[in-house]
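Observations on the three-dimensional arrangement
One letter stands for each residue in the lines below.
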Protein chains: 2
Amino acid sequence: MHTDRQEPDRIQDDVPHPAERPDPPREDGEEERAYGVEPEFVEEVVERLHAGRRDELRAELDTLHPADIADLIEQLGHDDRESLIGVLRPDFDGEVLSYLNPDLREEIVELFEPKELAAAVAELDTDDAVDVIEDLDEDTRREVLENLPAADRALVQENLTYDEYTAGRLMQRDLVAVPQFWTVGKTIDYVRAATDELPEDFYDIFVVDPMHRVVGAVPLSRLLRQKRSVRIADLVTGEVDTIPATMDQEEVANLFRQYALVSAPVVDAGGRLIGVITVDDVVHIIDEEAEDDIGKLGGVGDTSIYRSVLETSRSRISWLGLNLFTAFAAAGVISLFEATIEQIVALAVLMPITASMGGNAGTQTLTVAVRALATRELSSSNAPRVVGKEVLVGLLNGAVFATLVGAIAATWFEPMIGLVIGCAMVINLFVAGLCGVLIPIGLDRLGVDPAVASSVFLTTMTDVIGFLSFLGLASLLLL
Amino acid sequence: MHTDRQEPDRIQDDVPHPAERPDPPREDGEEERAYGVEPEFVEEVVERLHAGRRDELRAELDTLHPADIADLIEQLGHDDRESLIGVLRPDFDGEVLSYLNPDLREEIVELFEPKELAAAVAELDTDDAVDVIEDLDEDTRREVLENLPAADRALVQENLTYDEYTAGRLMQRDLVAVPQFWTVGKTIDYVRAATDELPEDFYDIFVVDPMHRVVGAVPLSRLLRQKRSVRIADLVTGEVDTIPATMDQEEVANLFRQYALVSAPVVDAGGRLIGVITVDDVVHIIDEEAEDDIGKLGGVGDTSIYRSVLETSRSRISWLGLNLFTAFAAAGVISLFEATIEQIVALAVLMPITASMGGNAGTQTLTVAVRALATRELSSSNAPRVVGKEVLVGLLNGAVFATLVGAIAATWFEPMIGLVIGCAMVINLFVAGLCGVLIPIGLDRLGVDPAVASSVFLTTMTDVIGFLSFLGLASLLLL
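Residues numbered from 1 in each chain as written. Chains lettered and ligands numbered in written order. Predicted model: local features only at pLDDT ≥ 70, side-chain atom pairs only at ≥ 80, totals over all residues. Heavy atoms only, no water.

**Let's talk about the overall build of chain A**
Helix and strand content of chain A: 23 helices and six strands. Taking 2.2 N^0.38 as the reference for a compact globule, 479 residues should give roughly 23 Å; the C-alpha atoms of chain A span a radius of gyration of 30 Å, well beyond that estimate. Projected onto its principal axes, the C-alpha coordinates of chain A cover approximately 90 × 60 × 60 Å. Looking at the 479 residues of chain A, the share that counts as buried comes to 58%. One way to put it: in chain A the 37 positive side-chain charges average out to a point 7 Å from where the 85 negative ones average out. (Helix = DSSP H or I, 4+ residues; strand = E, 2+ residues; numbered from the N terminus. Rg over C-alpha atoms; globule rule 2.2 N^0.38 Å. Buried < 20%, exposed > 50% of the residue type's maximum accessible area, 1.4 Å probe, protein only. Lys, Arg positive; Asp, Glu negative; His and termini not counted. Charge placed at Lys NZ, Arg CZ, Asp CG, Glu CD.)

**Brief notes about the domain arrangement of chain A**
Segmentation of chain A into domains returns domain 1 (35-165), domain 2 (177-278) and domain 3 (309-478). Using C-alpha coordinates to define each centre, domain 1 of chain A is positioned 47 Å away from domain 3 of chain A. (Domains from an automatic or database assignment.)

**Considerations on the pattern of salt bridges**
Applying the stated rule across the entire model yields 40 salt bridges over all chains. With a closest N to O distance of 2.9 Å, Arg89 of chain B and Glu116 of chain B form a salt bridge. With Arg89 of chain B in the loop between helix H5 (78-88) and helix H6 (94-99) and Glu116 of chain B in helix H8 (residues 114-122), this residue pair connects regions lying 27 residues apart in the sequence. Its relative accessible area of 28% is what places Arg89 of chain B among the partly exposed residues. The class for Glu116 of chain B is partly exposed, based on a relative accessible area of 26%. Because the salt bridges share partners, they merge into one network encompassing Glu44, Arg48, Arg53, Glu56 and Glu60 of chain A. (Salt bridge = Lys/Arg side-chain N within 4 Å of Asp/Glu carboxyl O.)

**Comments concerning a nonpolar patch on the surface**
Residues and elements named next belong to chain A. Side chains of Met416, Leu419, Leu476 and Leu477 sit close together on the surface and give an oily, nonpolar patch of about 380 Å² of accessible area. The set of elements that each furnish at least two residues to the nonpolar patch consists of helix H22 (415-445) and helix H23 (450-478). Take Leu477: it is sitting in helix H23. (Patch = residues over 30% accessible without salt bridge, like charges linked within 9 Å, V, L, I, M, F, W, Y side chains within 5 Å. Areas by Shrake-Rupley, 256 points an atom, 1.4 Å probe, with all protein chains shown as cover.)

**Some details on the relation of the copies chain A and chain B**
When chain A is brought onto chain B, the operation consists of a screw motion whose angular component is 180° and whose axial shift is 0.0 Å, with 0.1 Å RMSD remaining. Such a turn and shift between the copies fits a two-fold axis. When the interface residues of chain A are mapped onto chain B, 100% of them again fall at the interface, so both copies present the same face. (Least-squares fit on C-alpha atoms with pLDDT ≥ 70 in both. Contact = heavy atoms within 4.5 Å.)

**What to know about the UniProt feature "transmembrane region" (unreviewed entry) in chain A**
All names here are of chain A. Annotation from UniProt places "transmembrane region" (unreviewed entry) at residues 317-337, 391-413, 419-443 and 455-478. Taken as a whole, residues 391-413 contains 96% helix and 0% strand, while its terminal C-alpha atoms sit 31 Å from one another. With 100% helix and 0% strand, residues 419-443 has end C-alpha atoms that lie 36 Å from one another. (UniProt positions renumbered as here; feature names shortened; annotations may be inferred.)

**Details of the interface of chain A and chain B**
Every contact between the two is made by 176 residues of chain A and, on the other side, 177 residues of chain B. Summed over both partners, the interface of chain A with chain B comes to about 16200 Å²; 59% of that surface belongs to carbon and sulfur atoms. In this structure, the connection of chain A to chain B is made through four salt bridges. Our count for the contact surface shared by chain A and chain B stands at 34 residue pairs in polar contact (both at pLDDT 80 or more). A class-by-class count of the residues in the side of chain A that touches chain B yields 82 nonpolar, 43 polar and 51 charged. (Buried area = accessible area lost by both parts, 1.4 Å probe. Polar contact = N/O pair within 3.5 Å; in protein donor to acceptor, adjacent residues only side chain to side chain. Nonpolar A, V, L, I, M, F, W, Y, C, P; charged D, E, K, R; others polar.)

**Let's talk about a negative patch on the surface**
Taken together, the side chains of Glu106, Glu110, Asp137 and Glu311 of chain A present a region of like negative charge at the surface. Along the polypeptide, Glu106 of chain A turns up in helix H7 (residues 102-109).

**Comments concerning the side chain of Ser98 of chain B**
Residue and element names in this part refer to chain B. The topology assignment puts Ser98 in helix H6. By relative accessible area, Ser98 is classed as buried at 12%. Within the structure, the side chain of Ser98 is placed 3.0 Å from the backbone oxygen of Glu95, a separation counted as a polar contact. Beyond its immediate stretch of four places on either side in the chain, Ser98 contacts Arg105, Leu124 and Asp128.

**Side note on the sheet that holds strand E1 (residues 177-179) of chain A**
Residue and element names in this part refer to chain A. Pairing is mixed in the open sheet, where three strands are placed in the order E1-E2-E3. The open sheet has two edge strands, E1 and strand E3 (214-219), and neither has a second partner. For this sheet the average axis-to-axis angle between neighbouring strands, irrespective of direction, equals 30°. Here three bridges tie E1 to strand E2 (residues 204-208), and the two strands are oriented parallel to one another. Looking at E2, one finds that Ala177 is bridged to Phe206. (Pairing = 2+ DSSP bridges. Axes fitted to C-alpha atoms, helices over the stretch in contact; angles between N-to-C directions.)

**Description of H22 of chain A**
Residue and element names in this part refer to chain A. Over its 31 residues, H22 extends 45 Å from the first C-alpha to the last, a length consistent with the 45 Å expected when each residue adds 1.5 Å. At Cys435, H22 is bent by approximately 25°, the largest bend along its length. Two residues or fewer past H22, Gly447 is found with a positive phi of approximately 85°. (Expected span 1.5 Å × (residues − 1). Bend = angle between axes of the 7 residues up to and from the residue.)

**Topic: the sheet that holds strand E2 (residues 204-208) of chain B**
Residue and element names in this part refer to chain B. If you trace the three strands from one edge of the open sheet to the other, you get E1-E2-E3, paired in mixed fashion. The open sheet is flanked by strand E1 (177-179) and strand E3 (214-219), the only strands paired with a single partner. Averaged over all neighbouring strand pairs, the angle between strand axes comes to 30°, with direction disregarded.

**Here's the deal with the packing of aromatic side chains**
For the structure shown, the criterion picks out nine aromatic pairs over all chains. A centroid spacing of 6.3 Å and a plane angle of 85° characterise the contact between Tyr203 of chain A and Tyr203 of chain B, whose relative ring orientation is edge-to-face. Pair noted here: Tyr203 of chain A is in the loop between helix H13 (184-193) and E2 and Tyr203 of chain B is in the loop between helix H13 (184-193) and E2, and the two residues belong to different chains. Of the two residues examined, Tyr203 of chain A and Tyr203 of chain B, each falls in the buried class. Residues Trp412 of chain B and Phe413 of chain B carry aromatic rings whose centres are separated by 4.8 Å and whose planes lie at 25° to one another, so their mutual orientation is stacked. According to the relative accessible area criterion, Phe413 of chain B is partly exposed, its value standing at 23%. Put simply, the rings of Phe328 of chain A together with Trp412 and Phe413 of chain B touch in pairs and so form one group of aromatic residues. Cation over ring: Lys186 of chain A sits above Trp182 of chain A, and NZ or CZ is 4.7 Å from the ring centre. (Phe/Tyr/Trp six-rings, centres within 6.5 Å; stacked < 30°, edge-to-face > 60°. Lys NZ or Arg CZ within 6 Å of the ring centre and 35° of its normal.)

**As for the packing of helix H3 (residues 54-61) of chain B against H5 of chain B**
Residue and element names in this part refer to chain B. It is at 9 Å that the axes of H3 and H5 come closest, and there the two elements cross at 75°. With respect to H5, the axis of H3 lies roughly perpendicular. On H5, the residues touching Arg54, Leu57, Arg58 and Leu61 of H3 are Leu84, Gly86, Val87 and Leu88. Considered class by class, the residues forming the contact of H3 with H5 number five nonpolar, one polar and two charged. (Parallel < 35°, antiparallel > 145°, perpendicular 65-115°, else oblique.)

In structure tokens form, the structure reads like this:
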């Protein structure tokens, strides 16, 4: 992890320096960037759009990777985006849609006629087509589906029968499946002959029994190594990880991650092979899930920068509203001690410190716990140990900061105030450590996503305990 | 994204329900879990460890995937972990090491003799071997290297000449490279004959010129489709994305993500092919980078749950220390208004509200900006638009909460206090929106990682402005 870049040079001492030792890494990130579009290029495109040099632009964009065209569309402002789509329209590459940010894609697809959209989507693999079609409004979706070739339509509609965020939605329908009794030679001949029906890229050949149930998988590199006479059934080793079509995409990602898979077969309720999920889809899910966790911990439902002001504002209000409740709970605690504060105004000056330190220490624990729950590292087997550890860390750091803050407060105001704030600090950092790990574990057991709700409960606790312990101790000891 | 699960049922109306419609997804996540070890299994293992039934245990664990053995080790307590390693020791599978959490791996490798470790590491691919060896202390590393077979040692040492977190460290050295003039048939024959020197899994055949510079890549599925007489050079389409060995791993991950790659060739400074990076390594990096961002935003250097109490406590102290500075800055602002608070104690009750709301609104903006910078969606081309949007969102939500909080405060205390807190709220949410996006962009331009430092600057701003605007306006309007 980046934060652990300790002694990166130490290693150099032990190893020979070959003649072709590469150049040292360049310091400026920009120059090494080997993908996507540069800001200068974006400016150039905008200039040409404004100057109406459309044919020239179309010719240049024709040489770009669809991912880069998607990147370009993302970088443009709203109006330029529309005129660029106008330029690309006559021969629009459907792949661009599947590389676009989903929020932006919703905006872009509205610029097309359903027929044009169907033509673009027809070029895509089933999983990518489903990805585009599932977000359309009902009418557009129906029209697009009607304009798809019948075979594509059937596959897309079948995928759509599965719930969103399940393996059934993600799977690619084209795949290579052969019976157990085939040989390597026959399999290769089949692939050579059936090239039109096969997916563009595939990594495993699946071996099925007469009921089309998965018996095993043979990676292409294993197939390629063998003589033509070898039986396919003999190449299958170990159990293959089949994915039920109803499995949640987060579980799918965990499965790929756990066993470092490149592709895996998807089966229906009867165990029949119906599709395949490849790792490139899983990369998207891992990104999405991480984004999701980051967004929830930061109190935003969606980390996309492509939403409108109103949508963004609305999506954040619920979180701020909850926080307002917390803030008033804290204000309520303070109001209990109005008389004390009136006598010693120094308390008003110092009181945010305990609450703030508790909130931050609790957030540290919470971040670790939420992430460990998401990656399944924190389980019922090790939960008691982790809770114990976090409580100890809280007490230890509480002691450290109690000394520090106590000394400062004692110097600034008077010794007894230093003692009060020091004790309050230990109490609050202990509570922060305890709640920081117990709240997410508790929510997880109740079936609530710990990333989204933990933080409010935690800050309520650390604010209330922070003010209560500080002002309460002050009332007892100073008045 | 999960937060957008709107109308998941709407789709069902448009599509036929085939007879083999799958079972609805099960509600309880546990049952669907198809990987890793269950808590019951962990308990069983612990029982057998304590009962000394080692042979029985060893036989059972022999059937497990190395990833699951790693999982099991992670779930055990410290002492049980040691005895389990004792059981596994005689014939330890090196793969287990590469699946272990890196923090825990450091603890586990210390239980082995360098010779045993060398034997375990020798089974691994270069990239996984490097991953284990790079974390060893200097003496152990030298001993392990000495005990490796000479060919492996040379490759591992060469990878170690590259900086940590670069492509050179990640790359797998075994690969399949063929000259341009070969045919499909000759390539297949070569793979069949050279099977011992080849990596266990590979996805692309790389085509090189006589100087060993990469000319192109041919995915295995494309190779397999072609007749034996086709020339390899004719199968290479488009430019291949080569990765300089000095490229940062984050850039590598972005490249794979951008173009949905499965494997990519790594080249030295002269453009010669020296290794290959495959997507399973990239999945780890994406996880690590996301973990890194989550950790930094949460104020923890490392989200691992396997560190000791002391290490964990120490790693969090610097962040809490910075936060203490922020808290004292806020206290300093409050102390300017001691006289005002002494006259109107209600101010002390309400003052945390403005600061807290500003902090939360700012964190929302910050989360989005930091993530958009990390995934390169936020660039100089669209920065002004994003800043403008966030400021508008801040003003809009400021107005909403000003009204709400103002009304509550006016009822609780007096109308003028409601007006003061309302105005302060608009000011602070405007500042929060502005700083929430400008601080990470500014840090990014200065070459500082925005995930790690933004949050402190932001809370300092929102605390200071929150207290200053509320208490300042109160002094002006209420006294």
